[in-house]
Amino acid sequence: MIKRVTILIAYFWCFMIASGQNILLTVAESSDFKSTSRYDDVMNFITTLSNSSPYMDIDTIAISTEGYNIPLVKIGNPLPESPDEIGDRIVLYIQANIHAGEVEGKEASQMLARELISNPDSELLENVVVLITPILNVDGNEKISTINRKNQIGPVNGVGLRYNGQNLDLNRDAVKLETPEIKGVVEEILNFWDPAVTVDCHTTNGSFHEEPVTFTWMMNPNGDRSLINYMRDEMMPKVHFDLLNDYNVENVFYGEFINRMDYSKGWISYASEPRYLVNYIGLRNRLAILNENYVYADYKTRVYGCLALLKTILGYTSNSKAEIQELIETADKLAVERGSSPAITDSFAIEYKGIPTPDLITIKAFETDTIPGVKGYWRYKSSDRKVTVTVPYIADYIPVRNVKFPYAYLFTIADTEVISLLKSHGIEVKRLESGTNLKVERYKIKELKNSGRLNQGHYINNVAGEYIIENKYFPKGTYVVLTGQKTGSLIASLLEPESEDSMLMWNFFDRYLVPQWGSGYYPYPVYRLMNPENLKFNQE
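Residues numbered from 1 in each chain as written. Predicted model: local features only at pLDDT ≥ 70, side-chain atom pairs only at ≥ 80, totals over all residues. Heavy atoms only, no water.

Considering the side chain of asparagine 171
Inference 1: Here asparagine 171 shows up in the loop between α5 (138-141) and α6 (180-191).
Inference 2: Among the polar contacts made by the side chain of asparagine 171, one reaches the main-chain amide nitrogen of leucine 277 at a distance of 3.1 Å.
Inference 3: Sequence-distant contacts of asparagine 171, that is, excluding residues within four places in its chain, are made with Ile98, His99, Asp200, His202, Arg275, Tyr276 and Leu277. (Helix = DSSP H or I, 4+ residues; strand = E, 2+ residues; numbered from the N terminus. Polar contact = N/O pair within 3.5 Å; in protein donor to acceptor, adjacent residues only side chain to side chain. Contact = heavy atoms within 4.5 Å.)

What follows is the structure in structure tokens.
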């Protein structure tokens, strides 16, 4: 990890008397749920907990654009200093405040940390090491104002901004890693601690219903299908029922009505691209859960609902530790085998669509009215007319167009930014020991257009073309990425030119695609080797 956080600020204590014991309170609790924590509040709270317990420690995963240390809370019995000390335990990572106006996870994760260290001999900590980033988007959080997210019911004293200090959305950065926050999550948590299960906490903006807690799972079709199906058919239904039965918290799988005026059209979870962190984690063969707390429920209900969800997921992870570990181990093994012996058939999805899951979903909805004279998204408002509907849930994503999965990708450029990004993702990059002739596939660009409107600071590319088989000489030192890695699906997602959220789409190869004068296009500078070759590499 980067380093241990040292906090040189005065401790701020809030106490309440309960069963004769002093209990450290979060800002949400001490303000009677009128306020949310600022950065110093969070750091004081977790530092006080850490100083009181040998089972909790704090690391820094990154420094924000505006200079804040972003904390990672580690909880375990015994407390591991490195992944080598985890043993047969399983790692659960909880992430909050990725959007700093969506604050329930920030408060609930602090409350969970307090509860865990108060009972260190529990079965939970016997089976699970818990990692928590309670305040990922510090820069956005410190801009708390009552004018932010005015449609949200509390806290009345305001919340932070969606964007970080670079004016970027952290939950669109999982591929390009342009923000220090998400780069820190990938390098210092996903690569280093390799959590089996991740929970990413948000607040909804969508359809009108009674359930205060919603959640769903990773769903990009290039992720391991057995893991997706396990979440869909086993873990998420069990979490749903346990959350209701054990904590009396109404909940439903996350989504929105496809047509707000005709609920029979279905309920859809629409975000399937790798740019979203939950889907990105799915491409790494790990389980990931998107938590979206209902924006129109009151703040206190949202916080306690989120806390109950986190405890339910933690309990399931503890009870199902061996099953989850076996599923992940199998997925990793299959990923390595897939790249080492690529199939002849087309097997990597570059276009996909959503279809209904096997089971219908029931939502306790409110009928929607429209506001006269208002157009667009904000023309809808909730009525007080309750209606329970059972409809298709569009949350299974399947391929529409595939390409063949290669044995390796070879680069005709030595771009340090490109290579550095691949390594940040935990991808192994090799270099040829000597020059060699290979039968490869070259991507010939036929059409290249940008979006015409900036998206996260990019005019993203839309490309069309075809692969041409040719013999080509690759000199000594050529960069090579073999797909026979646990990250094989992620590798293809980054390097296939027509893949959704590819590096080409996000402009990493722009300078290599078009000549300075004249028409036409250069070859895409990443070639595909389809069949295994006995390549020799430098020792690095």
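On we go.
What about helix α10 (residues 321-340)?
Inference 1: The terminal C-alpha atoms of α10 lie 29 Å apart, and with 20 residues this matches the ideal 28 Å at 1.5 Å per residue to within 8%.
Inference 2: Within α10 the residues assigned to the buried category are Lys321, Ile324, Ile328, Ala331, Asp332, Ala335 and Gly339. Down the axis of α10, the sector holding all buried residues measures 100 degrees, keeping them to one side. Of the residues in α10, the exposed ones pointing more than 90 degrees away from the buried face are Ala322, Glu326, Glu329 and Lys333.
Inference 3: Taken together, the buried residues of α10 touch β6 (90-95), α4 (123-127), β8 (197-203), α7 (225-247), β13 (287-293) and α9 (299-319). (Expected span 1.5 Å × (residues − 1). Buried < 20%, exposed > 50% of the residue type's maximum accessible area, 1.4 Å probe, protein only. Arc of directions from axis to C-beta.)

Comments concerning a negative patch on the surface
Inference 1: A contiguous patch of negative charge, built from Glu234, Glu323, Glu326 and Glu329, is present on the exposed surface.
Inference 2: In this structure, glutamate 326 sits in helix α10.
Inference 3: Of the residues examined, glutamate 326 reaches a relative accessible area of 55% and is grouped as exposed. (Patch = residues over 30% accessible without salt bridge, like charges linked within 9 Å, V, L, I, M, F, W, Y side chains within 5 Å. Areas by Shrake-Rupley, 256 points an atom, 1.4 Å probe, with all protein chains shown as cover. Salt bridge = Lys/Arg side-chain N within 4 Å of Asp/Glu carboxyl O. Lys, Arg positive; Asp, Glu negative; His and termini not counted. Charge placed at Lys NZ, Arg CZ, Asp CG, Glu CD.)

Topic: empty space enclosed by the protein
Inference 1: Within the structure shown, the criterion is met by two cavities of 30 Å³ or more.
Inference 2: Of the pockets and cavities examined, the second largest cavity occupies roughly 40 Å³.
Inference 3: Around the second largest cavity sit Thr204, Gly206, Ser207, His209, Thr214, Tyr254, Gly255, Glu256 and Tyr294, which together line it. (1 Å grid on protein atoms, 1.4 Å probe; cavity = no way out; pocket = protein on both sides within 12 Å on 5 of 7 lines; lining within 4 Å. Points joined across faces, edges and corners; volume = space filled by probe spheres on them.)

Some words on a nonpolar patch on the surface
Inference 1: Nonpolar side chains collect at one region of the surface, where Ile371, Val374, Tyr377 and Trp378 lie side by side and expose about 360 Å² of accessible area between them.
Inference 2: Within the secondary structure layout, tyrosine 377 lies in the loop between β15 (361-370) and β16 (380-391).

A word on the packing of aromatic side chains
Inference 1: The final tally for this structure, using the stated rule, is 16 aromatic pairs.
Inference 2: Look at phenylalanine 509 and tyrosine 524: their rings are 5.3 Å apart centre to centre, the planes differ by 85 degrees, and that puts the pair in the edge-to-face class. One end of the pair, phenylalanine 509, is in the loop between α12 (488-495) and β23 (526-529); the other, tyrosine 524, is in the loop between α12 and β23, with 15 residues separating them in the sequence. Here phenylalanine 509 matches tyrosine 524 in class, with each residue buried.
Inference 3: Ring-pair connections join several aromatic residues into one group, and the members of that group are Phe215, Trp217, Phe253 and Tyr393.
Inference 4: Just above the ring of tryptophan 506 sits the side chain of lysine 176; from NZ or CZ to the centre is 5.4 Å. (Phe/Tyr/Trp six-rings, centres within 6.5 Å; stacked < 30°, edge-to-face > 60°. Lys NZ or Arg CZ within 6 Å of the ring centre and 35° of its normal.)

Focus on the nonpolar core
Inference 1: Membership of the largest hydrophobic core comes to 141 residues, with the highest contact counts inside it found for Ile75, Trp217, Met235, Leu422, Leu495 and Phe509.
Inference 2: It is α9 that contributes the most residues to this core, ten residues altogether.
Inference 3: Excluding residues within four positions of it along the chain, phenylalanine 509 makes contact with Phe411, Ile413, Val418, Leu495, Met503, Leu504, Tyr524, Pro525 and Val526.
Inference 4: Membership of the second largest hydrophobic core comes to 13 residues, among which are Leu438, Val440, Tyr527 and Phe537. (Core = buried A, V, L, I, M, F, W, Y, C linked by side-chain atoms within 4.5 Å.)

As for unusual backbone geometry
Inference 1: Put simply, asparagine 77 and proline 78 share a cis peptide bond, and its omega is 0 degrees.
Inference 2: Along the chain, proline 78 turns up in the loop between β5 (69-75) and β6.
Inference 3: In this model, glycine 154 is joined to proline 155 through a cis peptide bond whose omega is 0 degrees.
Inference 4: With respect to the element layout, proline 155 can be found in the loop between α5 and α6.
Inference 5: Notably, asparagine 248 is not glycine yet its phi reads approximately 55 degrees, a positive angle.
Inference 6: Using a relative accessible area of 67% as the deciding quantity, one classes asparagine 248 as exposed.

Considerations on the pattern of salt bridges
Inference 1: Scanning the entire structure with this criterion turns up 35 salt bridges.
Inference 2: Glutamate 498 serves as the salt-bridge partner of arginine 401, at 2.7 Å between the closest nitrogen and oxygen. Of this pair, arginine 401 sits in strand β17 (residues 393-404) while glutamate 498 is found in the loop between α12 and β23, placing the two residues 97 residues apart along the sequence.
Inference 3: Each of the salt bridges in this network shares a partner with another, and the network as a whole consists of Glu102, Arg149, Arg162, Asp169 and Arg172.

Observations regarding the sheet that holds strand β12 (residues 267-268)
Inference 1: Taken in spatial order, the four strands line up as β11-β12-β17-β14 in an open sheet, and their pairing is mixed. Only two strands of the sheet have a single neighbouring strand rather than two, namely β11 (256-257) and β14 (346-356).
Inference 2: Bridge count between β11 and β12: two bridges; the pairing is antiparallel. When the bridges of β12 are listed, phenylalanine 257 appears paired with tryptophan 267. (Pairing = 2+ DSSP bridges.)

What to know about the environment of alanine 331
Inference 1: Here alanine 331 is to be found in helix α10.
Inference 2: For the pair alanine 331 and serine 30, spaced 301 residues apart in sequence, the C-alpha to C-alpha distance is 45 Å.
Inference 3: Leave out the neighbours within four places in its chain, and alanine 331 touches Asp224, Leu227 and Asn285.

Some points on helix α11 (residues 416-424)
Inference 1: For α11, the complete set of buried residues consists of Val418, Ile419, Leu421, Leu422 and Ser424.
Inference 2: Elements in contact with the buried residues of α11: α6, β18 (408-411), β22 (479-482) and α12.
Inference 3: One side-chain oxygen of the residue at the start of α11 lies 2.9 Å from the amide nitrogen of glutamate 417, identifying that residue as aspartate 415.
Inference 4: Of the residues trailing α11, glycine 426 is marked for its positive phi of about 80 degrees.

Take it as geometry only, folks, not as evidence of what the structure does.
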